[in-house]
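Chain and residue survey
What follows is the residue order along each chain.
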Amino acid sequence: MRQRFFVIGIAGLIISLTIFFYFKIGLVLSVALFILLLIGFVNSIQQKHSILRNFPVFGYFRYFFEMIAPGIQQYFIERSTDGKPFSRNQRTLAYQRAKNIDSTSPFGTQLNLNRSNYEGIKHSIFPTAVNKELPRILVGGPDCKQPYSASLLNISAMSFGSLSENAIMALNKGALKGNFYHNTGEGGLTEFHLQGGDVTWQIGTGYFGCRDDRGGFDGGRFAEKANLPEVKMIEIKLSQGAKPGHGGVLPAAKNTAKIAKIRGVQPNITILSPPGHSAFSDTKGLIEFIAHLRQLSNGKPIGFKLCIGKTSEFEAICQEMIKQNCFPDFITVDGAEGGTGAAPLEFADGVGMPFEPALIFVNKTLVRFGVRHKIRVICSGKVISGYSILRAVALGADMCNSARGFMFSLGCIQALRCNNNECPTGVATQNKMLVKGLVVTDKSERVFYFHKNTLHAANELLAAAGKKSFAEIDIDIFMRGDEFSHLSDLYFPDNLKNVTLN
C-alpha cells in the first residue's frame, strides 16, 4: 500500500501540474497533492505507528473511526437494554427522575424475563399505603456521642479533583435541599463541599486535608475540620471496589494548582495515593485508629469503607472489635463492580468480591460475631433505582450510597472520559471551559429531585410488597428465575406423556 500510494500520488501530481502548465487551472489540486505526498513521506519514515508507516495518510482514517466509534456505538447501535456499566434504560430513568418528569415506560418490559438470572419482587395482592415520608436511619453505636440521622440514600465518595468544583457544589447544594449527606471522597474536605449540605468526610491513605509535611496523618489538622458543624460522619477508606489494594489516582491533567494546594501536593503531576495506610498496618491498629478519630471528633460517628477480598481479614477485624470493645459506627461495603474515574483494567475487571456476596458476607459475619446491632451497614455498588435500594436492604444493608446515579443527575452521559479530563458535561473534568457548562443552580435541583423521586419509588415498591417499613424487608420478598424452572418441572413434567389420563 505504501508503494501504491506514492506511485498514484506522484502520477496524480505530475498530471495536475501538466494541466496547470497548459491550461492554468488545478493549482489548488497540485498543492493539495504535494502536501499529501509530503505527509505520506513523513508517515513512511516514522517508526512509532505501523499503520501509518504501511498506509501513509489513509492510516489516519483508522484513528478517526476509532475516535468516533464509542459515540456511534452509544447513539446509533446500542439498544435500550444494552450499555455498560449502565444501560440506556437505566440512564434514562436517572435523567427523568432528576428532571422531575414522568419516568413511566410504555408497552411493557423490554427484558427477557424467562431466564434463570431474572430477579423480581413478590408483590402482595394486599398492598399497603405508600409512605409519604422518606426513610431515615440513625447512625451511632454505643461510643458515639453525636449520632446522626441519615437518609436511606446518599451521595457516595467522589473527590474534588476527580469531579469539578461545579459538580461538587451542585451535589452539596442538592444534599442540603434534600437533607441527605454528601461523601467527600478521599480528595479531602474543600470549600466546595461546604455549601450547607451534610458531609461525610472520607479519610484515605493520602490523608488529604489532614496530612503532615511527610504525608502522614496529622491529628491536629484532622480535629480542626472534623469538628466543623457540616461534618456529620467520618469514613476511613481501606479500599474501593473498582481498584481494591491499588490506591487512588489523580491524573496530572486534573491536578491543578488549586487542587494541589488543597491536598498538600505538587501540581501538574499524577498523584497516586498509597495502597495502604501509614497510620496503622493491622487490625489492632485500625480499631485503635477508629477510637482515636472518635476522640478527636468529639464523638462523631466513625466508620470504614472496604471492598471484601480475603474474608479472613474481615473476620479478624470483627474479633479485634470485640477484643478492644471498640466498634465502628458504620461499615461501608463496596462491590468489585464499583466505579472510579481511573483504574487499571486488571483491577476493575478482576480484583475484589462483587457487591452481592460481599454484602451478604459482611452482614452474616457481623451477626455471627454478635455485633450487628451495634454497627450500621452501608452499601455502595450500582445503586440507581428504587428496586436496587430494596435489593440492597434485603441483602443486609441499612443504607445506600450512590455515586454514578448522582453523576447521571448532574448530566453525565457515560461518555467514559472520566480519566482524560475531557468529560463533555463538565462533571469529571478540570477543564474550565467544560466546567462552565455545568450550571450549579440547575444541577443542584436535579440532584435533589433524583434523590427524592428514587426514594419515593422505593417506598412504592415497599408498599407493593405489602410491607410498611424497610425494617420488614428480607430476601424472601424477591424471586429468582431459577424458581421458574422448578415450577415448570412441577406443572409441566418431562414425563407427562407417560401419564395415563382418565
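Throughout, a residue's number is its position along its own chain's written sequence, starting from 1. Reporting of local features is limited, given that this is a predicted model, to residues whose pLDDT is at least 70; pairs of side-chain atoms are given and counted only at 80 or more, and all residues count toward the totals for whole chains, interfaces and linings. Note: side-chain values were computed over all heavy atoms of the structure, leaving out hydrogens and water.

The protein chain goes by FMN-binding glutamate synthase family protein in an unreviewed UniProt entry, where it is assigned to Flavobacterium fructosi. UniProt positions are given in the numbering used here, feature names are shortened, and annotations may be inferred rather than shown by experiment. Listed under Sequence similarities (unreviewed entry) in UniProt, the entry text for the protein chain is "Belongs to the glutamate synthase family."

For strand β7 (residues 231–237), a buried count of six out of seven residues is recorded, marking the element as mostly surrounded by other parts of the structure. Note on pairing: DSSP must find at least two bridges between two strands before they are called paired. Helix numbers and strand numbers start at the N terminus; a helix is a DSSP run of H or I with at least 4 residues, a strand a run of E with at least 2. As paired strands, strand β6 (residues 198–203) and β7 are joined by five bridges and run parallel to one another. Bridge pairing in β7 places Val199 opposite Val231. Whether a crossover is right-handed comes down to one check: with the strands pointing away from the viewer, does the path from the first strand over the helix to the second run clockwise; if it does, it is right-handed. Viewed along the sheet, the connection from β6 through helix α7 (residues 219–226) into β7 turns out right-handed. The sheet contact formed by β7 and strand β10 (residues 302–307) spans four bridges and is parallel. Paired with Lys237 across the bridge in β10 is Lys305. Residue burial is assigned from relative accessible area. The probe radius is 1.4 Å, only protein chains are included, and a residue is buried under 20% of its type maximum, exposed over 50%, and partly exposed in between.

Attention now goes to the side chain of Arg91. By the element assignment, Arg91 lies in helix α5 (residues 88–98). Beyond its immediate stretch of four places on either side in the chain, Arg91 contacts Gln74, Glu78, Phe86, Phe408, Ile413 and Gln414. Note on contacts: a residue pair is in contact if any heavy atoms of the two residues lie within 4.5 Å.

Another aspect to go through is a nonpolar patch on the surface. Nonpolar side chains (Val, Leu, Ile, Met, Phe, Trp, Tyr) are joined into patches within 5 Å and like charges within 9 Å, using only residues with over 30% relative accessible area and no salt bridge. Each accessible area is a Shrake-Rupley result for a 1.4 Å probe, and residues are judged covered by the shown protein chains and nothing else. Counted as salt bridges are all cases of a side-chain nitrogen of Lys or Arg within 4 Å of a carboxyl oxygen of Asp or Glu. On the surface, a cluster of nonpolar side chains totalling about 990 Å² of accessible area is made up of Leu27, Val31, Phe34, Ile35, Leu36, Leu38, Ile39, Phe41, Val42, Ile45 and Tyr60. In terms of residue count, the dominant contributor to the nonpolar patch is helix α2 (residues 27–45) (ten residues). With respect to the helices, strands and loops of the structure, Ile39 is situated in helix α2. What makes Ile39 partly exposed here is its relative accessible area of 33%.

Per the counting criterion, the structure on display carries 17 salt bridges. Arg376 is the salt-bridge partner of Asp398, the closest N and O atoms lying 3.6 Å from each other. Taken together, the residues span a long stretch of sequence, with Asp398 in the loop between α13 (386–395) and β13 (399–402) and Arg376 in strand β12 (residues 376–380) at a distance of 22 residues. Classification of Arg376 by relative accessible area gives partly exposed; the value is 28%.

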